[in-house]
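# Inside the fold
Residue strings, one per chain:
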Amino acid sequence: MTTQNSAFALCVVLGVAAGCGLVILLLLFASQYSRRNQQPIANKDAKLKVCIVCGSGGHTTEMIRLVANLGENYADRHYIIADTDRFSEGKVLGLEAKRTDGHFRISFIPRSREVRQSYLSSLLTTMKAIVSSLPIILFMQPDLVLCNGPGTCIPICFWAYLLDLFLVKSVKIVFIESICRVKRLSLSGNILYWLRIPDQILVQWPQLVQRYPRVKFIGRL
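In what follows, the accompanying structure is described. Keep in mind the model is a prediction, meaning the values are calculated, not measured.

If you trace the 7 strands from one edge of the open sheet to the other, you get β3-β2-β1-β4-β5-β6-β7, paired in parallel fashion. Strand pairing shows two members of the sheet lacking a second neighbour, β3 (103-109) and β7 (216-217), which therefore form its edges. In this sheet, strand β6 (residues 200-203) lies alongside strand β5 (residues 172-176) in parallel orientation, the contact comprising 3 bridges. Within the sheet, the bridge partner assigned to F175 lies in β6 and is I201. In the packing of helix α2 (residues 57-67) onto the sheet, contacts are made with β1 (49-53), β2 (76-82), β4 (144-148) and β5, and the angle to β4 comes to roughly 145°. The strands that helix α5 (residues 153-165) touches are β1, β2, β3, β4 and β5; relative to β4, the one it contacts most, it runs at about 155°.

Spelled out as structure tokens, the structure:
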């Protein structure tokens, strides 16, 4: 029985891996013909719906610092947080208590990958997060997605990319790499970079531009 269960689990994992591989190939192909790179960034005075993906710990601290400096035209703010991340929830509530413009809401999704979780098992948890993220993105239909850090952002970016790719809604995706990433992009950053999902990847160290030509150096947040 144990052997049968193990074989079944292995088949499930391999099936998920094959499905993910197929999706990756389709995204790489579709990105070459997408309208995304021809779309200008929205007028800076337009009222925007912005999706803000908070990672955890230092990633959330950096994101909160960024969001605190957003103008009043970012009036509809929708935060996405991992369902086990109470730190980020507290940071968001603290920030929004100080703002007087617009309105905000918070949604929770499963973590794509826990700290020290194996890459193999993270395929299953990532698929769970992807499924949970779809109704949120369909309801929100953001103009802009801001994200950084860990894998929580991957499902959100995936669906936002597809919304734009299939002409449902024009969405701009911006990934901000952590200040801790000096020589290499994070796992999330690498995934998004090589799949060409974000419109911009912003980094805080100039040497990353040499290694990854399509990123943009912005200095420290």
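Structure shown, so let's carry the discussion forward.
Compared with an ideal rise of 1.5 Å per residue, which puts 13 residues at 18 Å, helix α3 (residues 86-98) spans 19 Å between its outermost C-alpha atoms and is within 8% of the ideal. The set of residues buried in α3 consists of S88, V92, L95 and E96. Down the axis, α3 shows its buried residues gathered within 95° of arc, on one side only. Residues of α3 that are exposed and point more than 90 degrees away from the buried face comprise R86, A97 and K98. Structurally, α3 contributes buried residues whose contacts are with α2, β2 and β3.

With that settled, consider the pairing of β6. With respect to chirality, the unit in which β5 leads through helix α6 (residues 187-195) into the neighbouring parallel β6 is right-handed. Pairing of β6 with β7 involves 2 bridges; the strand directions are parallel. Bridge pairing in β7 links V203 to F217.

Between its first and last C-alpha atoms α5 spans 18 Å; for 13 residues at 1.5 Å apiece the expected length is 18 Å, and the two agree. Taken across its 13 residues, α5 has 13 buried, putting it largely inside the fold. L167, located one to two residues past α5, shows a positive phi value of around 65°.

Glancing now at the nonpolar core. Counting 34 residues, the largest nonpolar core has V53, I80, V145, C153, I156 and I173 as its most contacted members. When residues of this core are traced back to their parent elements, those giving at least two are β1, α4 (119-140), β4, α5, β5, α6 and β6. Here the element with the most residues in this core is α5; it accounts for 11 residues. L70, Y74, I81 and V92 belong to the second largest nonpolar core, which has 18 residues in total.

Within the secondary structure layout, D85 lies in the loop between β2 and α3. Within the buried set, D85 has no salt-bridge partner at all; the shortest N-O distance to an opposite charge, 4.4 Å, is to R111. Among the polar contacts made by the side chain of D85, one reaches the main-chain amide nitrogen of F87 at a distance of 3.4 Å. With residues near it in sequence (within four places) discarded, D85 still touches G55, S56, T60 and R111.

Taken as a whole, this structure holds 7 salt bridges when the rule is applied. Close ionic contact of D76 with R105 constitutes a salt bridge, the shortest N to O distance being 3.3 Å. In this pair, D76 sits in strand β2 while R105 sits in strand β3, placing the two residues 29 residues apart along the sequence. Taking relative accessible area as the criterion, D76 reaches 15% and is therefore assigned buried. Residue R105 is classed as partly exposed on the basis of its relative accessible area, which comes to 30%. With a shortest N-O distance of 3.2 Å, K169 and D143 are connected by a salt bridge. Pair noted here: K169 is in the loop between α5 and β5 and D143 is in the loop between α4 and β4, with a separation of 26 residues, a long-range link. Residue K169 is classed as buried on the basis of its relative accessible area of 18%. Overlapping salt bridges, with partners in common, bring together R77, E96, R99 and D101 in one network.

Reading the values: the criteria
- Residues numbered from 1 in each chain as written.
- Predicted model: local features only at pLDDT ≥ 70, side-chain atom pairs only at ≥ 80, totals over all residues.
- Heavy atoms only, no water.
- Pairing = 2+ DSSP bridges.
- Helix = DSSP H or I, 4+ residues; strand = E, 2+ residues; numbered from the N terminus.
- Contact = heavy atoms within 4.5 Å.
- Axes fitted to C-alpha atoms, helices over the stretch in contact; angles between N-to-C directions.
- Expected span 1.5 Å × (residues − 1).
- Buried < 20%, exposed > 50% of the residue type's maximum accessible area, 1.4 Å probe, protein only.
- Arc of directions from axis to C-beta.
- Right-handed = clockwise from strand over helix to strand, strands pointing away.
- Core = buried A, V, L, I, M, F, W, Y, C linked by side-chain atoms within 4.5 Å.
- Lys, Arg positive; Asp, Glu negative; His and termini not counted.
- Salt bridge = Lys/Arg side-chain N within 4 Å of Asp/Glu carboxyl O.
- Polar contact = N/O pair within 3.5 Å; in protein donor to acceptor, adjacent residues only side chain to side chain.

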